[in-house]
Amino acid sequence: MKAGAPKPYLVRSSEASLKALVGKLKAASARPRVFAQAFDPGAIVSKRHLELAWLLAESAFRNGGNRARTLENEALLRAAATARIGEAIRRAGARSPQKFVLLTDAKGGRLKRLLDAIGGTAEKPEFKPDEKEVCALFGISGKLLENYSLEELVLEKVALSGA
């Protein structure tokens with residue numbers, strides 16, 4: 001990843017609802033402006049999954065091919081391999097405000113302020129998705145797993161989705 005690219009963190013938060021979490025993330029990332037998007041840890045297969053989604057989203061904004069109004073939502077669309085935001089939220093959006101993967105470019109004091117705003121603590125994520133759940137989410141045939149890794153198949157879906 002290039003310098004300034006977002007990094008993933010497994011975040012545990014004291015927020016009671018997703019709506020409150022999303023609102024506080026938006027507010028805390030607005031000033032100073034930082035990228036911050038929450039994902040379901042069960043839907044993300046690897047750090048590379050998030051890196052590819054972010055690179056595709058950034059490229060879409062740079063080239064005018066974005067479908068979402070924000071880079072955060074474009075990254076969610078890309079990570080979920082869909083062009084529909086509702087489906088992206090169901091497929092890869094955070095499901096629990098207490099435990100989620102945060103992809104952010106905030107560092108140091110900015111990261112601390114972002115985490116403080118949601119009552120969160122961050123640690124390095126360990127990507128251990130449920131194979132059957134991910135296959136169902138992304139429409140992957142189990143037969144393909146005989147020749148390819150789950151990560152390879154999800155990355156292909158993301159790359160080819162044209163979200």
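This text goes with the structure placed above it.
The rules behind these values
- Residues numbered from 1 in each chain as written.
- Predicted model: local features only at pLDDT ≥ 70, side-chain atom pairs only at ≥ 80, totals over all residues.
- Heavy atoms only, no water.
- Helix = DSSP H or I, 4+ residues; strand = E, 2+ residues; numbered from the N terminus.
- Buried < 20%, exposed > 50% of the residue type's maximum accessible area, 1.4 Å probe, protein only.
- Axes fitted to C-alpha atoms, helices over the stretch in contact; angles between N-to-C directions.
- Parallel < 35°, antiparallel > 145°, perpendicular 65-115°, else oblique.
- Left-handed = near helix turned anticlockwise from the far one by under 90°.
- Contact = heavy atoms within 4.5 Å.
- Nonpolar A, V, L, I, M, F, W, Y, C, P; charged D, E, K, R; others polar.

## Some remarks on the overall build of the chain
Then comes step 1: Along its length, the chain carries 7 helices and 4 strands.
Then comes step 2: Along the chain, from the amino end to the carboxyl end, the secondary structure elements read β-α-β-α-α-α-β-α-β-α-α.
Then comes step 3: In terms of its C-alpha atoms, the chain occupies a principal-axis envelope of roughly 45 × 35 × 30 Å.
Then comes step 4: Per-residue burial for the chain yields a buried fraction of 44% across its 163 residues.

## With respect to the packing of helix H6 (residues 131–138) against helix H7 (residues 150–160)
Then comes step 1: At a minimum axis distance of 11 Å, the contact between H6 and H7 shows a crossing angle of 20°. Compared by their axis directions, H6 and H7 come out roughly parallel. For the pair H6 and H7, the sense of crossing is left-handed. Residues Glu131, Val134, Cys135 and Phe138 of H6 form the contact with H7, whose participating residues are Leu150, Val154 and Lys157.
Then comes step 2: Of the residues belonging to the contact of H6 with H7, the class tally is 5 nonpolar, no polar and 2 charged.

## Some details on the environment of Ile140
Then comes step 1: The residue Ile140 is located in the loop between H6 and H7 in this model.
Then comes step 2: Taking the C-alpha atoms as reference points, Ile140 and Ala75, separated by 65 residues in sequence, lie 21 Å from one another.

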